[in-house]
Amino acid sequence: MIKKLEYTDDHELIILDQTLLPHNEKFLKLKDYKDVIQAISSLRVRGAPLIGIAAAYGIVLGVHNFKSDNLKNLEIHFYNLIQRFRTSRPTARNLFYALDRMTAVFMNQIASQSPSASQPGRDFLVEIENALLDEADKIFEEDIELCNRIAVNGSELITDEMNILTHCNTGELAAGGIGTAQGIITTAAKQAKRIFVYVDETRPLLQGARLTAYELEKNGIEYQILVDSLAGALMRDGMVDAVLIGADRIACNGDVINKVGSYSLAVNCARHNVPFYVAAPGTTIDFQLETGRSAVIEERPPDEVRTIRNVPISPRSANVFNPAFDLVPHELVSAIITEFKIHYPPYDFKSIEHVFLPPLPGGVEGRTV
Ligand code: MRU
């Protein structure tokens, strides 16, 4: 497994800087929560599940470095931290999922204090910090298991020989575990299925050309990088058996929000009768979101489009529209693979929310339907 994120006993979050891949494998030691927010916003750490995990550890760092024994001040500081992380990348549902879990743990800890203890002392702060660290570790470990289950479920859709087109990066670099869509691909390859992967380069930040290609190389899986706009023509020519992508947020009706370009792929799939599959853990499903229409789509800085790897390609003041994600309406989604099963239309995630609830003590094994 690629080493991409680790929280150390010295209270540092070590991350692999994904903006420098594939040519430079550099690790950064983050000691301050502000550095974690910066790493998330600048995509040094990225991919919906990994963003949630990084944010959970960022919260631990923010509490660890808090220098006061006053409980009220700690509460103010904590909720301020949560708020700042919420705005770091507003589309990935997993970020909010992780922050909500960290908040629930914090609230439990505070509630366990006697009402008169406004100056609880360092011991209590250490207790809170340990509880938060435990929760961050759990979110990380559970994601490893979720990815494995997605891979097992998804492999049912992968035939013995298949040409799969994918978009952005959904592998080990994007998650705690082996990834979502790409986890299915690597697992199918390990099952001796003959997989060929068409990799959309994924403008503007080239997660496909840089990161997915890097991972496929490491796993010895055959691939070709394509400019994004070629996908439709390949489908017309019968060269793509399925499109398989991840998601940043999924609404209850099956609308999928994922890296910009996903909608065009789905439209092309419908036109050319190619299945359009989405793989994501339950932590990506927004059970409060009826349809994807009201989801917040992150808009990114114009220079990401005006430049390629910092080399200017347009007039410096060129007007740019740069949404990071787009919405694939549920009617274009052939199936959604989660850790629970393969879901087919019509989608109604609200009615099965209970199967995705955070695990009871004992891990994800504890889930029942
Ligand atoms: O902007 P990014 O690189 O964080 O976007 C990542 C994606 O769009 C992935 O497809 C998505 O997060 C699913 S990752 C398992």
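Residues numbered from 1 in each chain as written. Predicted model: local features only at pLDDT ≥ 70, side-chain atom pairs only at ≥ 80, totals over all residues. Heavy atoms only, no water.

Focus on the packing of helix 1 (residues 33-41) against helix 3 (residues 71-86)
Look at helix 1 against helix 3: their axes get within 10 Å of each other, and the N-to-C directions meet at 15°. Taken together, helix 1 and helix 3 sit at an angle that is classed as roughly parallel. You can see that helix 1 and helix 3 cross each other, and the crossing is right-handed. Across the interface between the two elements, Tyr 33, Lys 34, Val 36, Ile 37 and Ile 40 from helix 1 touch His 77, Leu 81, Arg 84 and Phe 85 from helix 3. (Axes fitted to C-alpha atoms, helices over the stretch in contact; angles between N-to-C directions. Helix = DSSP H or I, 4+ residues; strand = E, 2+ residues; numbered from the N terminus. Parallel < 35°, antiparallel > 145°, perpendicular 65-115°, else oblique. Left-handed = near helix turned anticlockwise from the far one by under 90°. Contact = heavy atoms within 4.5 Å.)

Regarding the pattern of salt bridges
If you walk through the whole model with that rule in mind, you get 17 salt bridges. One salt bridge in this structure joins Glu 145 and Arg 149, with 2.9 Å as the shortest N-O distance. Of this pair, Glu 145 and Arg 149 both sit in helix 5 (residues 122-154), four residues apart, which is roughly one turn of the helix. In this structure Arg 149 comes out as partly exposed when scored by relative accessible area, which is 25%. With its nearest N and O atoms 2.9 Å apart, the salt bridge here joins Asp 303 to Arg 306. Linking Asp 303 with Arg 306, this pair stays in helix 10 (residues 303-306), spanning three residues, or about one helical turn. Under the relative-accessibility criterion, Arg 306 is labelled buried at 13%. Residues participating in the shared-partner salt-bridge network are Arg 89, Glu 298, Arg 300 and Glu 304. (Salt bridge = Lys/Arg side-chain N within 4 Å of Asp/Glu carboxyl O. Buried < 20%, exposed > 50% of the residue type's maximum accessible area, 1.4 Å probe, protein only.)

Quick look at the site of the ligand
Taken together, the neighbourhood of the ligand is formed by 17 residues, with Arg 46, Arg 89, Gln 207, Asn 258 and Lys 259 sitting nearest. Note that an oxygen atom of the ligand is positioned 2.9 Å from one of the backbone N or O atoms of Ala 48. At a separation of 2.8 Å, an oxygen atom of the ligand approaches a polar side-chain atom of Gln 207. Calculation on the ligand without its partners gives an accessible area of 410 Å², and the protein chains cover 100% of this total. (Near = heavy atom within 4 Å. Polar contact = N/O pair within 3.5 Å; in protein donor to acceptor, adjacent residues only side chain to side chain. Areas by Shrake-Rupley, 256 points an atom, 1.4 Å probe, with all protein chains shown as cover.)

Quick word on the side chain of Arg 210
Looking at the secondary structure, you find Arg 210 in helix 7 (residues 207-218). The side chain of Arg 210 sits in the buried core without any salt bridge; Asp 17 is the nearest counter-charge, 7.3 Å away. A polar atom in the side chain of Arg 210 sits 2.8 Å from the backbone oxygen of Gln 18. Within the local environment of Arg 210, its side chain forms a polar contact with the backbone oxygen of Leu 205, the two atoms lying 3.1 Å apart. Ignoring anything within four residues of it in the chain, the contact list for Arg 210 reads Gln 18, Thr 19, Leu 21, Pro 22, Leu 205 and Arg 309. (Lys, Arg positive; Asp, Glu negative; His and termini not counted.)

Considerations on helix 7
Compared with the 16 Å implied by 1.5 Å per residue over twelve residues, the 16 Å span of helix 7 between its first and last C-alpha is a close match. Among all positions in helix 7, only Gln 207, Gly 208, Arg 210, Leu 211, Thr 212, Ala 213, Tyr 214, Glu 215 and Leu 216 are buried. Looking at the packing, one finds that the buried side of helix 7 touches strand 4 (161-166), helix 6 (181-190), strand 5 (194-200), strand 6 (222-226) and strand 9 (256-259). Downstream of helix 7 by a residue or two, Gly 220 has a phi angle that is positive, lying close to 65°. (Expected span 1.5 Å × (residues − 1).)

Regarding the packing of helix 3 against helix 4 (residues 93-111)
Between helix 3 and helix 4, whose axes approach to 10 Å, the crossing angle comes to 175°. Judged on the interaxial angle alone, helix 4 and helix 3 are roughly antiparallel. Two secondary-structure elements touch here, helix 3 through Leu 71, Leu 74, Glu 75, Phe 78, Tyr 79, Ile 82, Phe 85 and Arg 86 and helix 4 through Leu 95, Phe 96, Leu 99, Asp 100, Met 102, Thr 103, Phe 106, Met 107 and Ile 110. In terms of residue class, the contact of helix 3 with helix 4 is built from 13 nonpolar, one polar and three charged. (Nonpolar A, V, L, I, M, F, W, Y, C, P; charged D, E, K, R; others polar.)

Brief notes about helix 9 (residues 262-272)
Every buried residue of helix 9 is accounted for by Ser 262, Leu 265, Ala 266 and Cys 269. Along the axis of helix 9, the buried residues cluster in a sector spanning 100°; they form a single face. One or two residues past the end of helix 9 sits Asn 273, with phi positive at roughly 60°. (Arc of directions from axis to C-beta.)

Observations concerning the sheet that holds strand 3 (residues 27-30)
Reading across the sheet, the three strands line up as 1-2-3 and stay open at both edges, with antiparallel pairing between neighbours. Since the sheet does not close on itself, it has two edges, and those belong to strand 1 (5-7) and strand 3, each with one partner. Neighbour to neighbour, the strand axes of the sheet diverge by 15° on average, direction disregarded. Relative to strand 2 (residues 13-16), strand 1 runs antiparallel, the two being bridged by three bridges. (Pairing = 2+ DSSP bridges.)

A word on the sheet that holds strand 13 (residues 325-328)
Spatial strand order, 8-9-13: three strands in an open sheet with antiparallel pairing. Both outer strands of the open sheet, strand 8 (249-250) and strand 13, are each paired with one neighbouring strand and no more. Here strand 9 pairs with strand 13 via four bridges, running antiparallel. Directly across from Asn 258, in strand 13, lies its bridge partner Asp 326.

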